[in-house]
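# Geometric and topological summary
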Amino acid sequence: MAYSSIFSWIGDRIARRRAPLVPVVRLAGVIGQVGPFRAGLTLTGLAPVLERAFSMRHAKAVALVVNSPGGSPVQSALIHKRIRDLATEKKLPVLVFVEDVAASGGYWLACAGDEIFADENSILGSIGVITAGFGFPALLEKIGVERRVYTAGKSKSMLDPFKPENPEDVARLRAIQEEMHASFRALVESRRGERLHPGETELFDGSFWTGRTAVSLGLADGLGDLRGLLRARFGDKVRLYPVGMRRPLLAFRAGGAARLAAGAEILPEAAIGAAEERALWARYGL
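Residues numbered from 1 in each chain as written. Predicted model: local features only at pLDDT ≥ 70, side-chain atom pairs only at ≥ 80, totals over all residues. Heavy atoms only, no water.

## What to know about the overall build of the protein chain
Of regular secondary structure, the protein chain possesses 9 helices and 8 strands. For the protein chain, buried positions account for 37% of its 286 residues. Contacts in the protein chain between residues at least 24 apart in sequence constitute 72% of all its contacts with a sequence separation of at least 6. (Helix = DSSP H or I, 4+ residues; strand = E, 2+ residues; numbered from the N terminus. Buried < 20%, exposed > 50% of the residue type's maximum accessible area, 1.4 Å probe, protein only. Contact = heavy atoms within 4.5 Å.)

## Structural notes on the nonpolar core
Of all hydrophobic cores here, the largest spans 46 residues; its most connected members are Leu27, Ile83, Tyr107 and Leu219. Dropping the residues within four chain positions of it, Ile83 is found in contact with Leu27, Leu50, Phe54, Leu64, Val94 and Ala112. In terms of nonpolar packing, the next biggest core, distinct from the first, is built from 11 residues, Val22, Val24, Val65 and Phe117 among them. (Core = buried A, V, L, I, M, F, W, Y, C linked by side-chain atoms within 4.5 Å.)

## Here we look at the packing of aromatic side chains
One pass over the full model with this rule turns up 2 aromatic pairs. Relative to Phe117, the ring of Phe97 has its centre 5.5 Å away and its plane inclined at 25°; by these criteria the two rings are stacked. Of this pair, Phe97 sits in strand S3 (residues 94–103) while Phe117 is found in strand S4 (residues 115–118), placing the two residues 20 residues apart along the sequence. Take Phe97 and Phe117: they sit in the same class, and that class is buried. Residues Trp108 and Phe184 carry aromatic rings whose centres are separated by 4.7 Å and whose planes lie at 25° to one another, so their mutual orientation is stacked. One end of the pair, Trp108, is in helix H4 (residues 105–110); the other, Phe184, is in helix H6 (residues 167–192), with 76 residues separating them in the sequence. Judged on exposure class, the residue Trp108 and its partner Phe184 are both buried. (Phe/Tyr/Trp six-rings, centres within 6.5 Å; stacked < 30°, edge-to-face > 60°.)

## Some points on the side chain of Thr42
Along the chain, Thr42 falls in the loop between strand S1 (21–28) and helix H2 (43–54). Ignoring anything within four residues of it in the chain, the contact list for Thr42 reads Gly32, Gln33, Gln75 and Ile79.

## Here we look at the environment of Lys91
Of note, Lys91 is situated in the loop between helix H3 (73–90) and S3. Along the chain, Lys91 and Phe54 lie 37 residues apart, while their C-alpha atoms are 9.2 Å from each other.

## Some points on the environment of Arg195
Structurally, the position occupied by Arg195 is in the loop between H6 and strand S6 (208–210). With relative accessibility at 29%, the residue Arg195 sits in the partly exposed group. Sequence spacing of Arg195 and Val215 is 20 residues, and the spatial spacing of their C-alpha atoms is 9.6 Å. Here Arg195 is in contact with Asp114, Glu115, Leu217, Gly218 and Asp221, once residues within four sequence places are set aside. Side chain to side chain, Arg195 and Asp221 meet in a polar contact 3.2 Å long. (Polar contact = N/O pair within 3.5 Å; in protein donor to acceptor, adjacent residues only side chain to side chain.)

## Side note on the packing of H2 against H3
The contact between H2 and H3 brings their axes to 10 Å, and the two run at 15°. Put simply, H2 runs roughly parallel to H3. For the pair H2 and H3, the sense of crossing is right-handed. Contacts between H2 and H3 involve Leu43, Leu46, Ala47, Leu50, Glu51 and Phe54 on the former and, on the latter, Gln75, Leu78, Ile79, Arg82, Ile83, Leu86, Ala87 and Lys90. Among the residues making up the contact of H2 with H3, the classes are represented as 10 nonpolar, 1 polar and 3 charged. (Axes fitted to C-alpha atoms, helices over the stretch in contact; angles between N-to-C directions. Parallel < 35°, antiparallel > 145°, perpendicular 65-115°, else oblique. Left-handed = near helix turned anticlockwise from the far one by under 90°. Nonpolar A, V, L, I, M, F, W, Y, C, P; charged D, E, K, R; others polar.)

This is the structure we're talking about:
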C-alpha cells in the first residue's frame, strides 16, 4: 500500500472516530413474557442492552426505535425507569422513533424519550388498561362437567372462567385497573408536560391516533425517520450503532426424543400465546 493510501486510510479512521456516535436500541414486540418459545420485551432481557448503549464512549445521544402494541404494565414501567435512570446517570438525551405502533405499554416505553418522533402513519396512544378473557360455565353445564374448586380465602378464585361472573369480582378488578390507569396517566403527564394540548380530545380514554394527529395533540414532537433526523441533528457523518440482544442458541437444537416430547407438551400454550400476541397487533390494524 502506497504511503498516500496509508495516510488516507488513517485519516478516514480518525475522522470516523471523531464523528458523532448514536447507539440505536430496538424495542420491538409485545411487552412481557409471550410464551414458551417467544420472549417479549422484559427488563431482564433488555437491561444488558441498555447498559451497553448508554455506556458507549463518545455517544451524543441514545436512539430508541419503538414498535410495540403494549403488554405487561409492570415490565413497561420497569423498562421505562431503567432507561430514564441511565439517561440521568450518563447525562445523555434519549430520542424515540416510532415505527408501526407505540400503543398502550408501547407508548409507555416511548415516553422514556426526551423527544418522540413518528411516521405520519404510525399509531400512537391507547393510554388505558384492558383485561380480557373468556367464560365457560355454560359450556361445562352443556357437556356435563362439574367444576370443583377449594380455596382458603374467598377471593382466591376471583374471575374463574369456569364460574359465573361475580359482580364483586368485576368491581375489584375495575378498581385495580383504575389504579393502573392513574399511574399511566400520571407518567404521560409528567413526561410530556406542557407539550400536551388535547383541545376537545380526551387523551386518556384508550383512543389512539396516527402520527400526524399525535404530533398535533402533543403526544409526539415531530414526524420523520431515524436516519434523516439524526443526520439533520448531528451531521451527515453521524454513526448509528445498533445495539441488540445476544440471543442464546435454541434449546431444542439437541436432546432427541425427550426434548421433542417436552416441546409437544407446551405447544398448546405456545399457540395460545401466539394468538394473544396476534390479537394485540390486530387491534391497531397490523
